[in-house]
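Tertiary structure, described
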Amino acid sequence: MLLPCPWCGPRNAGEFKYAGEGGARPDPATTTPEEWRRYLYFHANTRGWVTESWYHGAGCRRWLVVERHTLTHEVRGVRDAVQVAREGAR
């Protein structure tokens, strides 16, 4: 599978570390143990388009937000995770 890194170009997925489906992380100070367990261990495992986090450790060392189809591995969007976080904070 190739992932199109915005800085390094198309790269083999082996250069990246998959960090899971995107989603809001609960606040550890206020969440219950059950909510924390659910966040850590129970994932939707969606068939189709998902938003995921990937880290390009063997390249630019940046976090990416990738929109990928879980059956075909087609990628329709890759964005800088820092930029996505800034846009979400607005």
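Residues numbered from 1 in each chain as written. Predicted model: local features only at pLDDT ≥ 70, side-chain atom pairs only at ≥ 80, totals over all residues. Heavy atoms only, no water.

1. Describing the side chain of His 69
Test applied: Secondary structure counts use DSSP, requiring at least four H or I residues in a row for a helix and at least two E residues in a row for a strand, with both numbered from the N terminus. Whenever two N or O atoms come within 3.5 Å, that pair is a polar contact, provided that in protein one can donate a hydrogen and the other can accept it, and provided that, for residues adjacent in sequence, both atoms are side-chain atoms. Here a residue-residue contact requires only that any non-hydrogen atoms of the pair lie within 4.5 Å.
Secondary-structure assignment places His 69 in strand S5 (residues 63-69). Reaching out from His 69, the side chain makes a polar contact with the backbone nitrogen of Thr 72 at a distance of 3.4 Å. Ignoring any residue separated from it by four or fewer positions in sequence, one finds His 69 in contact with Gly 48, Trp 49 and Glu 74.

2. Describing the pairing of S5
The cut-off we apply is this: Burial classes follow relative accessibility: with a 1.4 Å probe on protein chains only, a residue under 20% of its type's maximum area counts as buried, one over 50% as exposed, and anything between as partly exposed. Between any two strands, pairing holds if DSSP finds at least two bridges.
For S5, a buried count of five out of seven residues is recorded, marking the element as mostly surrounded by other parts of the structure. Relative to S5, strand S4 (residues 49-55) is paired through seven bridges, and the arrangement is antiparallel. Among the inter-strand pairings, Trp 54 is bridged to a residue of S5, identified as Leu 64. The pairing of S5 with strand S6 (residues 75-80) spans five bridges and is classified as antiparallel. Of the residues in S6, the one forming a bridge with Val 66 is Val 78. Between S5 and S6, which pair antiparallel one after the other, the connecting turn spans five residues, and His 73 there sits at a positive phi close to 65°.

3. Here we look at the nonpolar core
The following threshold applies: Think of a nonpolar core as a cluster: buried Ala, Val, Leu, Ile, Met, Phe, Trp, Tyr and Cys residues, connected wherever their side-chain atoms sit within 4.5 Å.
Leu 3, Cys 5, Ala 13, Phe 16, Trp 54, Leu 64, Val 66 and Val 78 form the largest nonpolar core, which has eight residues in total. Where this core is concerned, the elements lending two or more residues are strand S1 (2-5) and S5. If we skip the residues at most four places from it in the chain, Val 78 touches Pro 4, Pro 6, Leu 64, Val 65 and Val 66.

4. Re the pattern of salt bridges
Basically, it comes down to this: When a carboxyl oxygen of Asp or Glu is within 4 Å of a side-chain nitrogen of Lys or Arg, the pair counts as a salt bridge.
Counted according to the given criterion, the structure contains six salt bridges. Here Glu 15 makes a salt bridge to Arg 11, at a shortest N to O gap of 3.8 Å. For Glu 15, a relative accessible area of 26% translates into the label partly exposed. By relative accessible area, Arg 11 is classed as partly exposed at 31%. One salt bridge in this structure joins Arg 76 and Glu 67, with 2.9 Å as the shortest N-O distance. Arg 76 sits in the partly exposed class, given a relative accessible area of 49%.

5. Details of the pairing of strand S2 (residues 9-12)
Where a strand is regular, its side chains alternate between the two sheet faces. Sheet topology note: the S1/S2 ladder contains four bridges and is antiparallel. If you follow Leu 3 over to S2, its bridge partner there is Arg 11. The antiparallel pairing of S1 with S2 creates a hairpin that spans three residues between the two strands.

6. Considerations on the state of the cysteines
Just so we agree on the cut-off: In this description, a disulfide is simply a cysteine sulfur pair whose atoms lie within 2.5 Å.
Counted under the stated rule, the structure contains zero disulfides. With no disulfide of its own, Cys 5 has Cys 60 as its nearest cysteine by sulfur position, at a separation of 3.6 Å. With relative accessibility at 5%, the residue Cys 5 sits in the buried group. No disulfide involves Cys 8; its sulfur sits 3.9 Å from that of Cys 5, the nearest cysteine.

Nothing here speaks to function; it is geometry throughout.
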